[in-house]
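A structural walkthrough
Residue-level listing of the chains:
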Amino acid sequence: MQTVRTLELLRNTLAVLRQDGGSIALVPTMGALHEGHLSLVRCARKAADHVVASIFVNPRQFGAGEDLDAYPRQLQRDSELLESEGVALLWAPAADEVYPAGYATNISVSEISEGLCGANRPGHFDGVATIVCKLFNQVMPDTAFFGEKDWQQLAVIRRMARDLDLTQPHVDNIHGVSIVREADGVAMSSRNAYLSAEARERAASLPGAMRDAIALLAGGDEAGRSLGSLQEVLLASGFDSVDYAELRDADSLEALDADNGNARLFVAARIGGTRLIDNMPVRAIHRGEERMERVRGIEPL
């Protein structure tokens, strides 16, 4: 695996990879890799001849008081993991390579970025859309892979690609990969490392409370009542606060009062100073069919 840190070397290296018509899959990350990230790499390897991973802690998606300085940076360990998974190229630029002096452009995707995490993290999705658009233009991948834990982020990226008529990758080739969970059901996240042993144990109540809320919905409860119960359970289990617990359409992210056959439950809650997010498909759990979903023609791991 080759690691590059300048845009000029990136473009030269990509030209070599493409010499024989090889296809490129991009896996953007901020590092601090875990099994969830590696599942993206494995799906990408099935979809393209070469996998390019990026590691860049993007300052533009962190708001005031968020954990930019504390965000874990472990490039050597991450590099070894990516190489062991068959990644061909690691793009790991410094901040001034991505945002040089005088940089003045920002991408904002309205509507779908509003509410949920957008309401609690002003400007966050502008930073996401801007860096992902830059990564797409820098790498020009045929396909790209993102984790579904950040479902709203994936929706924003797809809308951005559609609205800007991007072709590398085309919106249809921007894939979501199902959440990878710990043995107790907690969604894998780099921020889980911030939790104390006690907070980590209490965090396990989140996925169970979400499933219980979905069961109430299946039994005919109104969304407001079942989601209110979910918040009460989380607070009683040791969470400090709940930013949101909402039922939304999986595609449009429109708020729902009941399952419409395409609903997902979205939750963000804080424990021990760490903000955890999760989401689950309502209909699949209604039917007892929760499983790793397929990624457009790519078999789940």
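As the structure is a computational prediction, the values presented were derived from the model and not from experiment.

1. Some words on the domain arrangement of the protein chain
- Annotation of the protein chain at the domain level lists domain 1 (2-177) and domain 2 (190-281).
- One C-alpha centre belongs to domain 1, the other to domain 2, and the line joining them spans 27 Å.
- Every contact between the two is made by 22 residues of domain 1 and, on the other side, 16 residues of domain 2.
- When the two sides are added together, the surface that domain 1 and domain 2 hide from each other amounts to roughly 1600 Å², 54% of it contributed by carbon and sulfur.
- The largest per-residue losses of area from domain 1 upon contact with domain 2 belong to Leu116, Asn120 and Trp151, which jointly make up 41% of the total buried on that side.
- Along the contact surface separating domain 1 from domain 2 lie 0 salt bridges.
- Applying the counting rule to domain 1 against domain 2 returns 4 residue pairs in polar contact (both at pLDDT 80 or more).
- Those elements that place two or more of their residues in the side of domain 1 that touches domain 2 are α5 (117-120) and α7 (151-163).
- Here the side of domain 1 that touches domain 2 takes 3 residues from α7, the largest share from any one element.

2. Considering the packing of helix α6 (residues 124-139) against α7
- Close contact between α6 and α7 brings their axes to 10 Å; oriented N to C, the two are set at 55°. With respect to each other, α6 and α7 are oriented oblique. Like other packed secondary-structure pairs, α6 and α7 cross with a definite hand, here right-handed. Residues Phe125, Val128, Ala129, Val132, Cys133 and Phe136 of α6 pack against Gln152, Gln153, Val156, Ile157 and Met160 of α7.
- Of the residues assigned to the contact of α6 with α7, the class counts are 9 nonpolar, 2 polar and no charged.

Definitions and cut-offs
Residues numbered from 1 in each chain as written. Predicted model: local features only at pLDDT ≥ 70, side-chain atom pairs only at ≥ 80, totals over all residues. Heavy atoms only, no water. Domains from an automatic or database assignment. Contact = heavy atoms within 4.5 Å. Buried area = accessible area lost by both parts, 1.4 Å probe. Salt bridge = Lys/Arg side-chain N within 4 Å of Asp/Glu carboxyl O. Polar contact = N/O pair within 3.5 Å; in protein donor to acceptor, adjacent residues only side chain to side chain. Helix = DSSP H or I, 4+ residues; strand = E, 2+ residues; numbered from the N terminus. Axes fitted to C-alpha atoms, helices over the stretch in contact; angles between N-to-C directions. Parallel < 35°, antiparallel > 145°, perpendicular 65-115°, else oblique. Left-handed = near helix turned anticlockwise from the far one by under 90°. Nonpolar A, V, L, I, M, F, W, Y, C, P; charged D, E, K, R; others polar.

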